[in-house]
Amino acid sequence: MFLLIGLLQPYYKANLTAMSSYTFTYPAKEGIEDVVVTGTFDNWSQSLPMIKRGKQWEIEVPLSPKDGKIEFKFILNNGEWVISDEYWTVVDDSGNVNN
């Protein structure tokens with residue numbers, strides 16, 4: 001797991017010293033009808049559907065420093081759980097690879 005600030009910095013910079021938000025993105029690829037982002041910030045509840053804007057899917061998610069370390073994945077077309085190469089990855093205690 002990474003600290004929230006470190007996790008989002010491979011290509012992005014975030015200053016989360018107070019309540020803040022972060023825009024998660026996923027590329028709009030052919031055949032993808034819907035994308036959901038889920039992770040430790042929503043207790044893996046699959047509750048954050050993304051909106052397609054141009055060549056990417058995106059959603060702004062409120063985050064707080066108290067979220068601490070986060071992990072997340074994207075769910076494509078209501079079933080395929082994937083990671084993105086736009087973010088760092090980590091292997092959790094169960095052997096799952098997450099962003």
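To start, this report covers the structure provided alongside it.

Reading the values: the criteria
Residues numbered from 1 in each chain as written. Predicted model: local features only at pLDDT ≥ 70, side-chain atom pairs only at ≥ 80, totals over all residues. Heavy atoms only, no water. Pairing = 2+ DSSP bridges. Helix = DSSP H or I, 4+ residues; strand = E, 2+ residues; numbered from the N terminus. Axes fitted to C-alpha atoms, helices over the stretch in contact; angles between N-to-C directions.

Here we take up the sheet that holds strand S5 (residues 51–53). The three strands are arranged S2-S6-S5 in an open sheet whose pairing can be described as antiparallel. Unpaired on one side and paired on the other, strand S2 (20–27) and S5 mark the two borders of the sheet. Adjacent strand axes in the sheet meet at a mean angle of 35 degrees when their direction is disregarded. As judged from the three bridges shared by S5 and strand S6 (residues 56–63), these two strands associate in the antiparallel manner. Residue pairing for S6: Lys52 is matched across the bridge by Trp57.

Here we have four strands laid out as an open sheet, ordered S4-S3-S8-S9, and antiparallel in their pairing. Looking at the sheet topology across the chains shown, the edges are occupied by strand S4 (48–49) and strand S9 (80–82). Two elements, strand S8 (residues 72–76) and S9, share three bridges in a ladder whose sense is antiparallel. When the bridges of S9 are listed, Leu76 appears paired with Glu80.

These results come straight from atomic positions and should not be treated as a statement about function.
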